[in-house]
Amino acid sequence: MRIYPNSLRFWAFLFGIVGACTLSAQTKLVTNPVVYDNFEALEPVLNRQTDTIYVINFWATWCAPCVAELPLFEQLSQQIQGKKIKVLLVSIDFKRDLETKLKPFLAKRTLQTPVISLTDSRQQLWIDKVDPNWSGAIPATLIYRNQERRFVEGEFTNFEALENTVNEIGGQ
Amino acid sequence: MKNTIRWVISLVFLSISMTALWSQQNTGGLKVGDTAPDFSLKSVSGKTITLKELKNVKGYIVAFTCNTCPYAQMYEDRLIQLHKQLSPVGWPVIAINANDPTVTPGDSFAKMKERSDEKKYPFEYLIDEGQKVFPVYGAVRTPHIFLLDKDFKVRYIGAIDDNAEDPTSITNRYVENAIQAIEKGKDPDPNFTKAIGCTIKVKK
């Protein structure tokens, strides 16, 4: 009979662990990017015919203004819960830098926005497919819903600027 | 009343033409076939470089680049190689740093000189002081190449080649092929390419 209190404590402990895990799973931090070797794998994500707004930022760990504006996309990710908006970070770091630069960067940062690593070197082929107006300079951000598209080359200097562009699409 | 209407109409027309002019300037920059304007810019060599004053040239490889952009750095050795290979046959590289050093201190004239000495740049490395040249050319990223023939006609705009990451996997050396085409009296194909690069850092 003396076992019970101990056992109860054990179960409480177990539930605690499970609970904590579930909670941390909900606010899961991104440390491993999804790697796409071919642009064709990413292309559908840039052209979904739905009523969801997609905010897709092209960046790289070596690009200082890109890294500087990452917190804005994080802030957006946190504010849109429950809305039909998806935020994605597409890293165009080189394939050879995936393990040595991108992953350590993501491990250090505590990003909640999903990260895709696009390692397709055929830039001449895919830059136009992201947007015909894109010169290839980063940062660059595609914001779209269905057929309505906005493309911003260069960085957002504050959250309001990003939010306004999203709202233009949202018609809010 | 008639006067007011006339005023309103002329104002509307004025604003329309102003907007048209403004947007034209914004999407401006050189296109293939345009004649590029000359410039006089200070080089790390101590000279002031004006294109038309260069001797024995068949054309110019005008390269907007900088010290600090990792993409520009990746192409640094290839730019040196290009100049070594093509300058003797009349196609020198003219490198221009268009970044504002108050935004990226690593792109100051002193730092340019440092980098140029360190890597023994065989080409002139100019600073676009006051950032007046790059917008006229329409350079938007580093590196960004504008290939001009001896008459300053723009023949090719874009990347140096098609693989920034791995020089051993290049399948098209755009600039070299463009020059070969021009030498044969043909038009380069492609005459315009896109590539990833850093934005040019404009004074805030």
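Residues numbered from 1 in each chain as written. Chains lettered and ligands numbered in written order. Predicted model: local features only at pLDDT ≥ 70, side-chain atom pairs only at ≥ 80, totals over all residues.

## Side note on the interface of chain B and chain A
Part 1: Contacts between chain B and chain A engage 13 residues on the former and 16 residues on the latter.
Part 2: Among the elements that make up the side of chain B that touches chain A, the one with the highest residue count is strand S9 (residues 197-199) of chain B (3 residues).
Part 3: Across the side of chain B that touches chain A, the residue classes tally to 5 nonpolar, 4 polar and 4 charged. (Contact = placed C-beta atoms within 7 Å. Helix = DSSP H or I, 4+ residues; strand = E, 2+ residues; numbered from the N terminus. Nonpolar A, V, L, I, M, F, W, Y, C, P; charged D, E, K, R; others polar.)

## Here we look at the nonpolar core
Part 1: By size, the foremost hydrophobic cluster in this structure holds 87 residues, and its most contacted members are Ile138(A), Ile61(B), Ala63(B), Ile94(B), Ile96(B), Phe146(B) and Val175(B).
Part 2: When residues in this core are grouped by element, the largest group, 6 residues, is from strand S2 (residues 53-59) of chain A.
Part 3: Here Ile138(A) is in contact with Phe58(A), Trp59(A), Ala60(A), Cys63(A), Cys66(A), Ile92(A) and Ile196(B), once residues within four sequence places are set aside. (Core = buried A, V, L, I, M, F, W, Y, C linked by C-beta atoms within 7 Å. Buried ≥ 20, exposed ≤ 12 C-beta atoms within 10 Å, placed from the backbone.)

## Description of the pairing of S2(A)
Residues and elements named next belong to chain A.
Part 1: Counting buried residues along S2, 7 of its 7 residues qualify, which places the element largely inside the surrounding structure.
Part 2: Of the two faces of S2, the one holding Ile-53, Val-55, Asn-57 and Trp-59 and the one holding Tyr-54, Ile-56 and Phe-58 are both buried throughout.
Part 3: Sheet analysis places S2 next to strand S3 (residues 85-91), joined by 7 bridges and oriented parallel. Pairing of Ile-53 across the sheet is with Ile-85, part of S3.
Part 4: Where the polypeptide runs from S2 across helix H3 (residues 64-79) and back to S3, its parallel neighbour, the crossover connection is right-handed.
Part 5: Across 5 bridges, the pairing between S2 and strand S6 (residues 140-145) is antiparallel. Looking at the pairing, Ile-56 lines up with Leu-142 of S6. (Pairing = 2+ DSSP bridges. Right-handed = clockwise from strand over helix to strand, strands pointing away.)

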